[in-house]
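Read off the chains here:
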Amino acid sequence: MTRLTGKTCIVTGGGRGIGAAIAAAFAREGAQVVVTDKDAESAERVAKEIGGDHQRLDVASEDDWRSLAAAWPQCDTLVNNAGITGFEEAMRPHDPENASLEDWRAVHAVNLDGTFLGCRYAIGAMRGKGAGSIINISSRSGLVGIPAAAAYASSKAAVRNHTKSVALYCAEQGLNIRCNSIHPAAILTPMWDPMLGDGPEREARVAAFVADTPLRRFGAPEEVAALAVLLASDEAAYMTGAELNIDGGLLAGSAATPEQG
Ligand SMILES: NC(=O)c1ccc[n+]([C@@H]2O[C@H](COP(=O)([O-])OP(=O)(O)OC[C@H]3O[C@@H](n4cnc5c(N)ncnc54)[C@H](O)[C@@H]3O)[C@@H](O)[C@H]2O)c1
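Sequence order as written defines the numbering, with residues in each chain counted from 1. Under the rules for a predicted model, residues below a pLDDT of 70 receive no local features and side-chain atom pairs below 80 are neither given nor counted, while totals for whole chains, interfaces and linings still include all residues.

Draft legend 1. View of the pairing of strand β5 (residues 131–137). Counting other C-beta atoms within 10 Å of a residue's C-beta gives its exposure: the residue is buried at 20 or more, exposed at 12 or fewer, and partly exposed in between, where C-beta atoms are placed from the backbone. Here a strand is any run of E in DSSP of at least two residues, a helix any run of H or I of at least four, and the numbering for each starts at the N terminus. Burial analysis of β5 places six of its seven residues in the buried class, which makes it a mostly covered element. Think of it this way: DSSP has to see at least two bridges between two strands before they count as a pair. Here strand β4 (residues 77–80) runs beside β5; their pairing, made up of four bridges, is parallel. Bridge pairing in β5 links Asn 80 to Asn 136. We call a crossover right-handed when, viewed with the strands running away from us, the connection from the first strand over the helix to the second turns clockwise. Crossover β4 to β5 through helix α4 (residues 101–127) is right-handed. Direction of pairing for β5 relative to strand β6 (residues 176–184): parallel, over a ladder of seven bridges. Within β6, the residue paired with Ser 133 across the bridge is Arg 178. Considered for its hand, the β-α-β crossover made up of β5, helix α5 (residues 150–172) and β6 is right-handed.

Given below as structure tokens:
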């Protein structure tokens, strides 16, 4: 368990869910981990659990990134994990006809602006060594249209493309800074709570959500974390600008896939 020994790894949105699992996996692999989150308390709690450092960071705030750069001017890995669906506060319409401009912008501010600011910080923080790994958590929703969550899908598609711009830019600069995107689908975290509820209907909703997933289950945050460990490690030295799906096989097929050969 020493694949990340000697590396400083920063995770955004590390206070729970996928980010917390990535932070824990990095720590197990010997990294010095900085857990960041908009929710300072959860970042501190996770940092304590894994023996890491913590800092409050709202990824949409340029000032917060400046503070992070002051505290951590050098890093080896940044995981741009923080993200929102837009349904956290209330289940308002997010379809292309009825979504409000305010909600559209709020989702892009976190998912896209946050990732842009993170990549910009990371390039500077990795330039000294001339090497590093930036991991952007996009989504299956960045690869297909999602009518009921249009801003989320748009923001995640932009994250996918920005990942490739960053990868090419760093390569052009002669920097060994790799940038890749991970595209999860249906990973059981608190992000799903507004959609699944917590009443007796939760089990039925879980079953309905995974009915179209070839592996017929939700994924676990730890399964995404395993992929992040690979991308952060030197084993992935030849991977940049890549997009990795982790979705129980969902994107391998489509509505056009015949049920029987
Ligand atoms: N869970 C899934 O099924 C799934 C699928 C595809 C993609 N993703 C992506 O994975 C990432 C993590 O998702 P999750 O399921 O763990 O979500 P989650 O809601 O369980 O956790 C998100 C974390 O991000 C933090 N956060 C929210 N806004 C922030 C901000 N502005 N600045 C900093 N931190 C902020 C929250 O406080 C929370 O700790 C997200 O980018 C999400 O879009 C998740």
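Draft legend 2. Region of interest: the site of the ligand. Near residues are defined by distance alone, with the backbone-placed C-beta atom required to lie within 6 Å of the molecule or strand. The environment of the ligand is made up of 30 residues, and the closest members are Gly 13, Gly 17, Gly 83, Thr 189 and Met 191. Among the secondary structure elements, those contributing two or more residues to the shell around the ligand are α1 (17–28) and α4. Broken down by element, the shell around the ligand gets its largest block of residues, three residues, from α1. When residue character is reported, Ala, Val, Leu, Ile, Met, Phe, Trp, Tyr, Cys and Pro are called nonpolar, Asp, Glu, Lys and Arg charged, and the others, Gly included, polar. Tallied by class, the residues present in the shell around the ligand amount to 14 nonpolar, 11 polar and five charged.

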